[in-house]
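Residue-level structure breakdown
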Amino acid sequence: MRLFDEIVDLLSNDRASLGSALLKTKILMHRIGHKELDPWINDELNGYPADAVVPEYRIVGARLTGTLENIARRYSGVTLATLHLPEKVRENLCTAHLGHSVVELEGFATAKDGTVATAVPPELYGLLGQAYDGAHVTNARSIIGATQVAGVLVEIRSRLLDFVLNLQDKIGNIAEEDMKKAAEGINAQEMFNSAVFGANATIIVGSHNRASVSNVSAKGDVSHLHSALEASGVNPQDLEALDGAINADGDAPYRSKVFGPKVSEWMGKMVQKAATGSWQVGIGAAGNLLATALSGYYGHG
């Protein structure tokens, strides 16, 4: 159990290397025959690809500041108005998706001036300036606090620690050479999803055909279910068919742990689409994705 103890020590010490804890967790999972965490650990260590959906715990609010100028004066460091912006633009400028490696995040968290800034493209200055009469924006930045980044690192530590402790409890206090056999019947992926992403985690498959996770599913909320499946490439016609299947099955699936016959039939057709290549998701990932998304929708914890 030495490796478990080393990981717990690293995760419970906020001055210890989070990267080392992640690497040791990767070693642990390989030794017990569970490699399911590799994509997540690699993304945390190396940073998330530009086209990946980052986990919710890596998303923080940002403040938009900049420089306003008129014919007489220049005002620097002004908090810029955003309510007039289109929703998508405002979301992009006022929300930071921190897809950086944990080493980069640790650097941001100790920034000397206490903030981390991202430059706003100059082509947006005109749009930002529409909120002001007689003045125009000549510089703009999205700013987050170093303490916000530190909070993200605490979340990663805490969530991974929960998983490791739960796994340690399941395996029990046995010799390391016996851990692989003891872990054979453990659903490590389910334990990981629950500890790190929450009970309603929905797996989103990106263009690399591997799972990233976003906590977007909510019981009975069909719009969240649609958003999760749309992000995975499910087309509008299939979503419409799913709505019909959900309505046909009625309320019984909400009260049980079993999907209704119509939803099950719809899932089978989607897996067939994955198998034939008409849905650009690997067949192995397709069933897991659909089951997890629909379990979140029905509240099957």
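Residues numbered from 1 in each chain as written. Predicted model: local features only at pLDDT ≥ 70, side-chain atom pairs only at ≥ 80, totals over all residues. Heavy atoms only, no water.

1. Some words on the confidence of the model for the protein
- A residue-level look at the protein finds 90% of positions with pLDDT of 70 or above and a mean pLDDT of 85.
- Here residues 202-217 is a poorly scored stretch, pLDDT under 50, and it has 57 contacts once near neighbours within four places are set aside; other chains count. (pLDDT = per-residue confidence, 0-100. Contact = heavy atoms within 4.5 Å.)

2. Details of the packing of aromatic side chains
- Tallied over the full model, the rule gives 4 aromatic pairs.
- Considering the side-chain rings of Phe 259 and Tyr 298, the 6.0 Å spacing of their centres and the 40° angle between planes classify their relative orientation as tilted. Highlighted residues: Phe 259 in the loop between α12 (252-255) and α13 (261-276) and Tyr 298 in helix α14 (residues 283-298), separated in sequence by 39 residues. Note on accessibility: Phe 259 and Tyr 298 belong to one class, buried.
- Here the aromatic rings of Tyr 297 and Tyr 298 are separated by 5.2 Å at their centres, their planes lie at 70°, and the arrangement is edge-to-face. Taken as a pair, Tyr 297 and Tyr 298 share a single burial class, namely buried.
- Within the aromatic cluster, the residues linked to one another by ring pairs are Trp 40, Phe 163 and Phe 192. (Phe/Tyr/Trp six-rings, centres within 6.5 Å; stacked < 30°, edge-to-face > 60°. Helix = DSSP H or I, 4+ residues; strand = E, 2+ residues; numbered from the N terminus. Buried < 20%, exposed > 50% of the residue type's maximum accessible area, 1.4 Å probe, protein only.)

3. Some remarks on helix α1 (residues 2-12)
- All of the buried residues in α1 are Leu 3, Phe 4, Ile 7, Val 8, Leu 10 and Leu 11. Axial view of α1: buried residues confined to an arc of 165°, hence all on one face. Pointing more than 90 degrees away from the buried face of α1 are the exposed residues Arg 2, Asp 9 and Ser 12. (Arc of directions from axis to C-beta.)

4. Quick notes on the sheet that holds strand β6 (residues 136-145)
- Ordered by their spatial adjacency, 4 strands build an open sheet running β3-β2-β6-β5, and the pairing between neighbours is antiparallel. Of all the strands in the sheet, just β3 (74-79) and β5 (115-119) have a single pairing partner and so form its edges. Averaged over all pairs of adjacent strands, the angle between strand axes in this sheet comes to 25°, irrespective of strand direction.
- Bridge count for β5 against β6 is 5 bridges, and the pairing is antiparallel. (Pairing = 2+ DSSP bridges. Axes fitted to C-alpha atoms, helices over the stretch in contact; angles between N-to-C directions.)

5. Comments concerning helix α3 (residues 38-46)
- Those residues of α3 not exposed but buried are Asp 38, Trp 40, Ile 41, Asp 43, Glu 44 and Leu 45.
- Elements that come into contact with the buried residues of α3 comprise α2 (18-31), α5 (102-109), α7 (146-171) and α9 (188-197).
- Backbone geometry just after α3 places Gly 47 at a positive phi near 100°.

6. Notes on the packing of α1 against α7
- Axis separation between α1 and α7 bottoms out at 10 Å; the angle between their running directions is 155°. Taken together, the axes of α1 and α7 are roughly antiparallel relative to one another. Once α1 is placed against α7, the crossing between them reads as left-handed. Every residue of α7 that contacts α1 at Phe 4, Asp 5, Ile 7, Val 8, Leu 10 and Leu 11 is listed here: Arg 157, Leu 160, Leu 161, Val 164, Leu 165, Leu 167, Gln 168 and Ile 171.
- A per-class count over the contact of α1 with α7 returns 11 nonpolar, 1 polar and 2 charged. (Parallel < 35°, antiparallel > 145°, perpendicular 65-115°, else oblique. Left-handed = near helix turned anticlockwise from the far one by under 90°. Nonpolar A, V, L, I, M, F, W, Y, C, P; charged D, E, K, R; others polar.)

7. Focus: the packing of α7 against α9
- Contact geometry of α7 with α9 gives a least axis separation of 8 Å together with a crossing angle of 145°. As α7 packs across α9, the resulting crossing turns out to be right-handed. Contacts from Arg 159, Leu 160, Asp 162, Phe 163, Asn 166, Leu 167 and Lys 170 of α7 reach α9 at Ala 188, Met 191, Phe 192, Ala 195, Val 196 and Phe 197.
- Broken down by class, the residue content of the contact of α7 with α9 amounts to 9 nonpolar, 1 polar and 3 charged.

8. Details of the environment of Asn 46
- Locating Asn 46 in the fold gives a position in helix α3.
- Taking C-alpha positions, Asn 46 is 8.5 Å from Val 103, a pair spaced 57 residues apart along the chain.

9. A look at the pairing of strand β2 (residues 63-69)
- Burial within β2 is extensive, with 6 of its 7 residues counted as buried.
- Strand direction decides the pairing type here: β2 and β6, joined by 7 bridges, are antiparallel. In the sheet register, Thr 67 faces β6, and the bridge partner there is Asn 139.
- Where β2 lies against β3, 4 bridges are found, and the strand directions are antiparallel. Note that in β3 the partner of Thr 65 across the bridge is Thr 79.
- Linking two consecutive strands that pair antiparallel, namely β2 and β3, is a turn of 4 residues.

10. Let's talk about the pattern of salt bridges
- Tallying each qualifying case throughout the model produces 6 salt bridges.
- Residues joined by salt bridges that share partners form a network here, namely Arg 2, Glu 6 and Lys 24. (Salt bridge = Lys/Arg side-chain N within 4 Å of Asp/Glu carboxyl O.)

11. Observations regarding the nonpolar core
- Counting residues in hydrophobic clusters, the biggest one holds 47 residues, and the most contacted among them are Trp 40, Phe 163 and Leu 167.
- Listing elements by their share of this core, those giving two or more residues are α1, α2, α3, α5, α7 and α9.
- Residue contributions to this core peak at 10 residues, all from α7.
- If sequence neighbours within four positions are ignored, Trp 40 has contacts with Leu 22, Tyr 48, Tyr 57, Ile 156, Leu 160, Phe 192, Val 196 and Phe 197.
- The next biggest cluster of nonpolar side chains, apart from the first, holds 21 residues, and it includes Val 234, Leu 242, Val 263 and Leu 289. (Core = buried A, V, L, I, M, F, W, Y, C linked by side-chain atoms within 4.5 Å.)

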